[in-house]
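# Geometric and topological summary
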Amino acid sequence: MQPHDRTVALVALVGGFLLGFLDFVWITSVPYPFAELGNSTATWAVAAFGFGWWVRSGWRRAALGATVLLVVAVPSYYLAATLLQGDDLAVLWAPTSLLWMVFGVLAGVVFGVAGTWARGTGRRRVVGAALPAAVFFEEAARFAGRAAGPDHPPGVAWNVVIDVALGVLVVVLIGGSHRRRALALALALPLAAIIYLAFAVAGGA
């Protein structure tokens, strides 16, 4: 049974606030390397995916709700930083915050729809299951790049292990049959490469 539109809207708003606020609490309370999961683009993308998975059907509802979830999470995160760390309230509408909201729109649409696809059939189900794994694998690749540098932070290799493990775990949990899981994991690798290149281009722009 799919949730009612009002329930979807309420969960998007409340869930977005909790995602951002508790994310900041996580990174300031949980020890390294697990604290990095709170400061993770993959975690937020998978939150949007989970929202679409929960919506079950109706890709437009999933895309819109997941977008609201991530966009609301951005000022909520900075609000937590203001209340708990004494940051300037102006950070809520700073250019960096607005940029992350734009990224939230993109990720909300892509991963919200992917969440509904992962409940479908055929190729869409494989693609839907592959995307959350891909963002974890992409993030693992970025951590691996840091680990290869001369001044890498201690224990960064653990972040690689954690992200890879989470990527595999999400496919195991939602992938369905062994064949679909294998296909999703195989597809996640080139998708991770595409996401990695997109971050590289965005970072160099």
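Residues numbered from 1 in each chain as written. Predicted model: local features only at pLDDT ≥ 70, side-chain atom pairs only at ≥ 80, totals over all residues. Heavy atoms only, no water.

## Overview of the environment of Val 168
In plain terms, the rule: Strands here mean DSSP runs of E at least two residues long; helices mean DSSP runs of H or I at least four residues long; both are numbered from the N terminus. Contacts are assigned to residue pairs that have any heavy atoms within 4.5 Å of one another.
Structurally, Val 168 can be placed in helix α6 (residues 156–174). Among residues more than four places away in sequence, those in contact with Val 168 are Phe 137 and Leu 185.

## Observations regarding the nonpolar core
To keep it simple, the criterion reads: Residues grouped as a nonpolar core are buried Ala, Val, Leu, Ile, Met, Phe, Trp, Tyr and Cys residues, joined through side-chain atoms within 4.5 Å. For every residue, the accessible area (1.4 Å probe, protein chains only) is compared with the maximum for its type, and the residue is labelled buried under 20%, exposed over 50%, or partly exposed between those bounds.
By size, the foremost hydrophobic cluster in this structure holds 46 residues, and its most contacted members are Trp 44, Phe 51, Leu 70, Phe 111 and Val 135. Sorting the residues of this core by element identifies α1 (5–29), α2 (41–55), α3 (59–85), α4 (95–117), α5 (122–148), α6 and α7 (178–204) as the ones contributing at least two each. Per-element tally for this core: the top contributor is α3, with 10 residues. Apart from residues no more than four positions distant in its own chain, Phe 51 is found in contact with Val 8, Val 11, Ala 12, Arg 61, Ala 62, Gly 65, Ala 66 and Leu 69.

## A word on the environment of Leu 185
Structurally, Leu 185 can be placed in helix α7. Taking relative accessible area as the criterion, Leu 185 reaches 27% and is therefore assigned partly exposed.

## Observations concerning the packing of α2 against α3
Which entries qualify depends on this criterion: Fitting a line to C-alpha atoms yields each axis, with helices limited to the stretch in contact; the angle taken between N-to-C directions then spans 0 to 180 degrees. The crossing is said to be left-handed when, going from far helix to near helix, the turn is anticlockwise and less than a right angle, and right-handed when the turn is clockwise.
Where α2 meets α3, the closest approach of the two axes is 9 Å, and the angle between their N-to-C directions is 145°. Once α2 is placed against α3, the crossing between them reads as right-handed. The segment α2 lies against α3, with Trp 44, Ala 47, Ala 48, Phe 51, Gly 52 and Val 55 engaging Arg 61, Ala 62, Gly 65, Ala 66, Leu 69, Leu 70, Ala 73, Val 74 and Tyr 77.

## Topic: the packing of aromatic side chains
Defined as follows: Each pair of aromatic rings taken from Phe, Tyr and Trp, with Trp reduced to its six-membered ring, is defined by centres within 6.5 Å and is described as stacked if the planes are under 30 degrees apart, edge-to-face if over 60, and tilted in the remaining cases. Two limits define a charge over a ring: the Lys NZ or Arg CZ must be within 6 Å of the ring centre, and within 35 degrees of the ring normal.
Enumeration according to the criterion identifies five aromatic pairs in this entry. With a centroid separation of 5.3 Å and 90° between ring planes, the pair formed by Tyr 77 and Tyr 78 is classed as edge-to-face. For Tyr 78, a relative accessible area of 14% puts it in the buried group. Through a chain of ring-to-ring contacts, the aromatic side chains of Phe 24, Tyr 77 and Tyr 78 assemble into a single cluster. For the cation-ring pair, Arg 119 lies above Trp 53, with the distance from its terminal atom to the ring centre recorded as 4.1 Å. Over the ring of Phe 199 we find Arg 142, and its NZ or CZ is 4.5 Å from the ring centre.

## Things to note about the layout of surface pockets
To be explicit about the condition: Points on a 1 Å grid over protein atoms alone make up a cavity when a 1.4 Å probe fits among them but cannot get out, and a pocket when they form an open set with protein on both sides within 12 Å along at least five of seven lines; lining residues each have an atom within 4 Å of a point. Grid points are joined across faces, edges and corners, and a volume is the space filled by probe spheres set on the points. Ten residue types, Ala, Val, Leu, Ile, Met, Phe, Trp, Tyr, Cys and Pro, are classed as nonpolar, four, Asp, Glu, Lys and Arg, as charged, and the remainder, Gly among them, as polar.
Taken as a whole, the largest pocket holds about 1,100 Å³ of empty space. Along the wall of the largest pocket there are 37 residues; nearest its centre are Thr 41, Trp 100, Phe 103, Arg 142 and Phe 199. Every element with two or more residues in the lining of the largest pocket is listed here: α2, α3, α4, α5 and α7. When residues of the lining of the largest pocket are assigned to their parent elements, the largest contribution, nine residues, is made by α7. Grouping the amino acids of the lining of the largest pocket by side-chain chemistry returns 25 nonpolar, six polar and six charged.

## Structural notes on the confidence of the model for the chain
Rules: Known as pLDDT, the predictor's confidence for each residue is given on a scale from 0 to 100.
Mean pLDDT over the chain works out to 89, with 96% of the residues at or above the 70 mark. Of all secondary-structure elements in the chain, the lowest mean pLDDT belongs to α7, at 89, while α2 reaches the highest, 95.

## Examining the pattern of salt bridges
Counted only if it meets this: Salt bridge, as applied in this entry: a Lys or Arg side-chain nitrogen positioned within 4 Å of an Asp or Glu carboxyl oxygen.
Inspection of every chain in the model, using the stated rule, returns three salt bridges. The closest approach of N and O atoms between Asp 5 and Arg 61, which form a salt bridge, is 2.7 Å. With Asp 5 in helix α1 and Arg 61 in helix α3, this pair connects stretches of sequence that are 56 residues apart. With a closest N to O distance of 2.6 Å, Glu 138 and Arg 142 form a salt bridge. Here Glu 138 pairs with Arg 142, and both are found in helix α5, just four residues apart, close to one helical turn. Classification of Glu 138 as buried rests on a relative accessible area of 1%. The network of salt bridges with shared partners includes Glu 138, Glu 139 and Arg 142.

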